[in-house]
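# Residue-level structure breakdown
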Amino acid sequence: MPRRTVELTGTQALSLLAGASLGRIVFTQRALPAVRPVNHLLDDGQIIILTHRDSDLFAQARDHGERGVVVAYQADDIDPLTHLGWSVVATGYCSPVTDPDALARYQRLLRPWSDQVMDCAVRIWPHLVTGIRLAA
């Protein structure tokens, strides 16, 4: 079946991202790209991810101060049989969540996959959001 690629607007892409249960954070680890599957939530246009104090992602975000470190965040929902669906990439700056009330709220809203204590969170301020829909 022929398929076509439809470009999404930033608003459409963020809307799809908000409904996704899984994404992938891309960051630099020892000068090489690192990718980790994570769950997330969108809060006022920002992507929130729980992590732990010893994670490489948190260390990178913390070490770059208030401005943060450049990361990419990707999520998709593509049917394995029809190959129809969508893919979204958000690129922006990632920094630690420092407000204790916000951190507590995010810890209530997000459930980590592992049994490791997620005592920190990072916030991605997306500057470039792109996406495609794979349609019939």
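On a predicted model such as this, the values are computed, not experimentally measured, just so you know.

## Overview of the environment of T28
Its location among the elements puts T28 in strand 2 (residues 23-29). Considered as a pair, T28 and R4 are 24 residues apart in the sequence and their alpha carbons are 33 Å apart.

## Thoughts on the pairing of strand 6 (residues 69-78)
A regular strand places its side chains on the two faces of the sheet in alternate fashion. Here strand 2 runs beside strand 6; their pairing, made up of three bridges, is antiparallel. Bridged to V26 within strand 6 is A72. By the bridge criterion, ten bridges tie strand 6 to strand 7 (residues 85-96) in an arrangement that is antiparallel. Residue pairing across strands places Y73 opposite A90, the latter belonging to strand 7. What sits between the antiparallel neighbours strand 6 and strand 7 is a turn of six residues, in which H83 has the positive phi angle 60 degrees.

## Digging into the nonpolar core
General note: in soluble globular proteins, nonpolar side chains tend to be found buried as a group. I25, I49, V71, Y73, C94 and I124 are the most contacted members of the largest nonpolar core, which totals 26 residues. Elements with a contribution of two residues or more to this core: helix 1 (10-19), strand 2, strand 3 (32-38), strand 5 (46-51), helix 2 (56-63), strand 6, strand 7 and strand 8 (120-135). When neighbours within four sequence positions are excluded, I124 is seen to be in contact with I25, Q46, I47, I49, V71, Y73, G92, Y93 and C94. Of all hydrophobic cores here, the second largest spans ten residues; its members include I48, Y106, M118 and A121.

## A word on the pairing of strand 3
In the sheet, strand 2 pairs with strand 3 via seven bridges, with the strands oriented antiparallel. Counterpart to Q29 in the pairing with strand 3 is L32. The turn joining strand 2 and strand 3, which pair antiparallel and follow one another in sequence, is formed by two residues; a positive phi near 50 degrees is taken by R30.

## Regarding helix 3 (residues 100-109)
Within helix 3, burial applies to A102, L103 and Y106. Projection of helix 3 onto a plane perpendicular to its axis shows the buried side chains occupying an angular sector of 100 degrees, all on one side. Within helix 3, the exposed residues directed more than 90 degrees away from the buried face are P100, D101 and R108. The inward-facing, buried residues of helix 3 abut strand 4 (41-43), strand 5 and strand 8. Its side-chain oxygen placed 2.9 Å from the backbone nitrogen of D101, D99 serves as the N-cap of helix 3.

## Let's talk about the state of the cysteines
Under the defined criterion, the tally for this structure stands at zero disulfides. No disulfide involves C94; its sulfur sits 12 Å from the nearest other cysteine sulfur, which is in C120. Residue class for C120 comes out buried when judged on its relative accessible area of 4%.

## Regarding unusual backbone geometry
Note on backbone geometry: most residues besides glycine have negative phi, and most peptide bonds are trans. Unlike most non-glycine residues, A31 shows phi in positive territory, near 70 degrees. Within the fold, A31 resides in the loop between strand 2 and strand 3. One non-glycine residue, H83, adopts positive backbone phi at about 60 degrees. Note on placement: H83 falls in the loop between strand 6 and strand 7. Residue classification places H83 among the partly exposed residues on the basis of a relative accessible area of 45%.

## Overview of the layout of surface pockets
By volume, the largest pocket is sized at about 370 Å³. Its residues assigned to classes, the lining of the largest pocket comprises eleven nonpolar, seven polar and three charged.

Procedures and definitions
- Residues numbered from 1 in each chain as written.
- Predicted model: local features only at pLDDT ≥ 70, side-chain atom pairs only at ≥ 80, totals over all residues.
- Heavy atoms only, no water.
- Helix = DSSP H or I, 4+ residues; strand = E, 2+ residues; numbered from the N terminus.
- Pairing = 2+ DSSP bridges.
- Core = buried A, V, L, I, M, F, W, Y, C linked by side-chain atoms within 4.5 Å.
- Buried < 20%, exposed > 50% of the residue type's maximum accessible area, 1.4 Å probe, protein only.
- Contact = heavy atoms within 4.5 Å.
- Arc of directions from axis to C-beta.
- Polar contact = N/O pair within 3.5 Å; in protein donor to acceptor, adjacent residues only side chain to side chain.
- Disulfide = S-S within 2.5 Å.
- 1 Å grid on protein atoms, 1.4 Å probe; cavity = no way out; pocket = protein on both sides within 12 Å on 5 of 7 lines; lining within 4 Å.
- Points joined across faces, edges and corners; volume = space filled by probe spheres on them.
- Nonpolar A, V, L, I, M, F, W, Y, C, P; charged D, E, K, R; others polar.

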